[in-house]
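Chains, contacts and geometry: an overview
The residues making up each chain are set out below.
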Amino acid sequence: MMAFAVGLTRSWVLAYTAGLASDARDERRAEIESDLWEHGALNGSNGTTAMEVVVRLLFGVPADLTWRMQQTGRKGAMVATLRNNWLGLLVAGFAGAAIVFGTAIFVKFVGDDTKGTLGALIYGVGGFAAALVMLIGFYVSEREPMRGVVMLAVGTLAITAIYFWMFFIYVPVALVVIAFGILRARKFARGRDRLGPA
Amino acid sequence: MRRKQDAVLPIELSILEAAIELLRRGTGEFYGFLIAKEMRDRDAARLLTSHGTLYKALDRMEKAGLLTSRWEDPMVAANEGRPRRRWYRVTAAGEAALAKERAPAPSTRLEGTLAPS
């Protein structure tokens, strides 16, 4: 379990630091590596420590993403994209609700023998990952319409499947997001075709 | 939310307070996990501060001049069989920022002055 938590954290750090300037990238990776080691050395590599590592990872994702945007200077662009687009707000709300909901369930399930670790991972990590895929898909759909809309649809459908008992809210909103996401991507694709290759 | 110039965020205040407490106990420098543990113990919190929140705050504080940092000698870490630590230290500006935040608000002092004796 501890190996899984450490592997998950390392994978996430590798992902959000990828493509950054070598100083920022290497320093962040080394700091997290040190933190993971200290955490395991102090508390032991038991299930509770592993869960604590995953919770620290999940709660830190928004800060990791904003830190990355600061490093790349894209924070303003991302905020502007969301602010000027009602679909962006809907996507942010949908993904944000999944993140908050998933994290709350994850924290509640940690240490709960009846629900167990598997439930915590599916609802917490699964919901979180799906929400991230959805947000990234929306963001990249302006530059890469096809890839972006596929990611948007996959993330949206995954969230709907994970929280299937809330289908009466998620299904209609998911259909709206996917349909308008496709229309938006087609608009960007047409615009790109008109402009021709760079 | 846009940050005000020179404003110290709650997480930064918490880091400064924990660091000063460590300093009082003879630990002049700290690394990420140590300060996270100290903050949890001080606040009697259930969880440690998340990786993202903690290291983003430390990065921001260093850029703002509230902290300085240095990487540990790789040989020291290798001899102890662990990854290198990044050691942080509170600067004079960091101590001043903490003192400023702890100082009572001007309105409080005014009320105190005007209060009947």
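As a reminder, the structure under discussion sits directly above these lines.
Structural notes, computed from the coordinates. Keep in mind that this is a model prediction, so the values were computed, not measured.

Some details on the interface of chain A and chain B
- Opposite the 21 residues of chain A that make contact, chain B presents 17 residues.
- Mapped onto the side of chain A that touches chain B, the elements with two or more residues apiece are α2 (22-43) and α3 (47-72) of chain A.
- Broken down by class, the residue content of the side of chain A that touches chain B amounts to ten nonpolar, three polar and eight charged.

Concerning unusual backbone geometry
- Positive phi outside glycine occurs at A44(B), with the angle close to 50°.
- In this structure, A44(B) sits in the loop between α2 (32-43) and α3 (51-63).

Re the environment of A30(A)
- Here A30(A) is to be found in helix α2.
- Note: C-alpha distance between A30(A) and V13(A) (17 residues apart in sequence) is 10.0 Å.

Side note on the packing of helix α1 (residues 10-24) of chain B against helix α5 (residues 92-102) of chain B
All names here are of chain B.
- Where α1 meets α5, the axes come as close as 10 Å, and the angle between the chain directions of the two elements is 110°. When the interaxial angle is binned, α1 and α5 end up roughly perpendicular. For the pair α1 and α5, the crossing hand works out as left-handed. Only G94, A97, L98 and E101 of α5 make contact with α1, whose side of the interface consists of L13, L16, E17 and I20.

Things to note about the nonpolar core
- Of all hydrophobic cores here, the largest spans 44 residues; its most connected members are V54(A), L58(A), A95(A), A130(A), A131(A), M134(A) and I159(A).
- Sorting the residues of this core by element identifies α1 (2-17), α2, α3, α5 (86-109), α6 (116-140), α7 (145-162) and α8 (167-195) of chain A as the ones contributing at least two each.
- Considering every element that reaches this core, the biggest residue donor is α6(A), with eleven residues.
- Counting contributing residues per domain, this core is built from domain 1 (1-73) and domain 2 (74-198) of chain A, each supplying no fewer than three.
- Ignoring anything within four residues of it in the chain, the contact list for I159(A) reads A98(A), G127(A), A130(A), A131(A), M134(A) and Y170(A).
- Counting 23 residues, the second largest nonpolar core, distinct from the first, contains Y55(B), L58(B), L67(B) and A97(B).

Reading the values: rules and limits
- Residues numbered from 1 in each chain as written.
- Chains lettered and ligands numbered in written order.
- Predicted model: local features only at pLDDT ≥ 70, side-chain atom pairs only at ≥ 80, totals over all residues.
- Contact = placed C-beta atoms within 7 Å.
- Helix = DSSP H or I, 4+ residues; strand = E, 2+ residues; numbered from the N terminus.
- Nonpolar A, V, L, I, M, F, W, Y, C, P; charged D, E, K, R; others polar.
- Axes fitted to C-alpha atoms, helices over the stretch in contact; angles between N-to-C directions.
- Parallel < 35°, antiparallel > 145°, perpendicular 65-115°, else oblique.
- Left-handed = near helix turned anticlockwise from the far one by under 90°.
- Core = buried A, V, L, I, M, F, W, Y, C linked by C-beta atoms within 7 Å.
- Buried ≥ 20, exposed ≤ 12 C-beta atoms within 10 Å, placed from the backbone.
- Domains from an automatic or database assignment.

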